[in-house]
Amino acid sequence: MRVLEIYRDGILAGNLIEENKSQFVFRYDDAYFLDETKAPVSLTLPKTQKEHRSKVLFPFFYNMLSEGANRKLQSTMWHIDENDSFALLTVTAQYDTIGAVTVKASNEL
């Protein structure tokens, strides 16, 4: 199991969890979920429920990744399997992303 902390505008919004290669969970942080002034991480992950499950990496997070030659270059540079989107998200979406969402590796299990 691998866990990423998801931040929106620098505020912890929740955790993205890869339970296994075919089970992903996005779970809003309690404080973020209860704060009505905080926007959802994406329109596809509404705050109408605290936890979202998917058999694939959620499209919102997958779309934060590079494609083609850039993805191949990042995979080579970081020694990550090109098909390991979760690991690529971990190393490429920490600081400078398009939009308000960034990720950070978590120590949580």
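See the structure printed just above.
## Quick word on helix α3 (residues 68-78)
And then number 1: Among the residues making up α3, those that are buried are Arg 71, Gln 74 and Ser 75. Viewed end-on, α3 has its buried residues packed into an arc of 100 degrees, placing them on one side of the element. Among the exposed residues of α3, those pointing more than 90 degrees away from its buried face are Ala 69, Leu 73, Thr 76 and Met 77.
And then number 2: If you follow the buried residues of α3, they end up packed against α2 (59-62) and α4 (85-92).
And then number 3: Just downstream of α3, His 79 is the residue with a positive phi angle, here 55 degrees.

Conventions and cut-offs
- Residues numbered from 1 in each chain as written.
- Predicted model: local features only at pLDDT ≥ 70, side-chain atom pairs only at ≥ 80, totals over all residues.
- Heavy atoms only, no water.
- Buried < 20%, exposed > 50% of the residue type's maximum accessible area, 1.4 Å probe, protein only.
- Helix = DSSP H or I, 4+ residues; strand = E, 2+ residues; numbered from the N terminus.
- Arc of directions from axis to C-beta.
- Contact = heavy atoms within 4.5 Å.

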